[in-house]
Amino acid sequence: QVQLAESGGGLVQAGDSLRLSCTASGRTFSSYAMGWYRQTPGKERELVAAIRWSRSSTYADSVKGRFTISRDNAGNTVYLQLNSLKPEDTAVYYCAVAKYSFTVIDGADKYWGQGTQVTVSS
């Protein structure tokens, strides 16, 4: 059974930094894409950043240059470093891992974490 455990959200001021972590269990995920999404009330969940098994990564335009996604050597933990936070980054952030190996995560079947709240005050 695949489970994702997230941590690291919180309340910060604009310009501050946070680091989100997500550890996946239930199998070895070194061959699976992982990513972070976020959602605000009334809006669809959107991809923030994704990292493939090759360690190549993609970012939403709104976070390029401020957020960095990475994963540990074993491939089961994914991190999201959030720098220069803005009030518009306020959202629930969800970790995700693709259900099938060697597939991109966006638009594909995936497992989800429970979400962690990030609130940025101005």
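Reading guide: rules and limits
Residues numbered from 1 in each chain as written. Predicted model: local features only at pLDDT ≥ 70, side-chain atom pairs only at ≥ 80, totals over all residues. Heavy atoms only, no water. Disulfide = S-S within 2.5 Å. Helix = DSSP H or I, 4+ residues; strand = E, 2+ residues; numbered from the N terminus. Buried < 20%, exposed > 50% of the residue type's maximum accessible area, 1.4 Å probe, protein only. Pairing = 2+ DSSP bridges. Axes fitted to C-alpha atoms, helices over the stretch in contact; angles between N-to-C directions. Salt bridge = Lys/Arg side-chain N within 4 Å of Asp/Glu carboxyl O.

**So, the state of the cysteines**
Evaluated as defined, the whole model comprises one disulfide. The residue that forms a disulfide with Cys 22 is Cys 95, at a sulfur-sulfur distance of 2.1 Å. Negative torsions about the S-S bond denote left-handed disulfides, and the value of about -75° found for Cys 22 with Cys 95 makes this one left-handed. With Cys 22 in strand S3 (residues 18-25) and Cys 95 in strand S9 (residues 91-98), this residue pair connects regions lying 73 residues apart in the sequence. You can call Cys 22 buried: its relative accessible area is 0%.

**Structural notes on the pairing of strand S5 (residues 46-51)**
Of the pairings in the sheet, the one linking strand S4 (residues 34-39) to S5 comprises five bridges and is antiparallel in character. By the bridge assignment, Gly 35 is partnered in S5 with Ala 50. One ladder, built from three bridges, connects S5 with strand S6 (residues 57-59); its direction is antiparallel. Looking at the pairing, Ala 49 lines up with Tyr 59 of S6.

**A short note on the sheet that holds strand S1 (residues 3-7)**
Ordered by their spatial adjacency, four strands build an open sheet running S1-S3-S8-S7, and the pairing between neighbours is antiparallel. Across the chains shown, the open sheet's two edge strands, defined by having one partner strand only, are S1 and strand S7 (67-71). The mean angle between the axes of side-by-side strands here comes to 15°, regardless of whether they run parallel or antiparallel. Taken together, the five bridges between S7 and strand S8 (residues 77-82) define a ladder with antiparallel strand orientation.

**Let's talk about the pattern of salt bridges**
Close approach of charged atoms allows side chains with opposite charge to pair. The final tally for this structure, using the stated rule, is four salt bridges. The closest approach of N and O atoms between Lys 64 and Asp 61, which form a salt bridge, is 3.1 Å. A salt bridge links Asp 89 to Arg 66; the nearest nitrogen and oxygen atoms lie 2.7 Å apart. One end of the pair, Asp 89, is in the loop between S8 and S9; the other, Arg 66, is in the loop between S6 and S7, and 23 residues separate them in sequence. Residue Asp 89 shares its accessibility class with Arg 66, and that shared class is buried.

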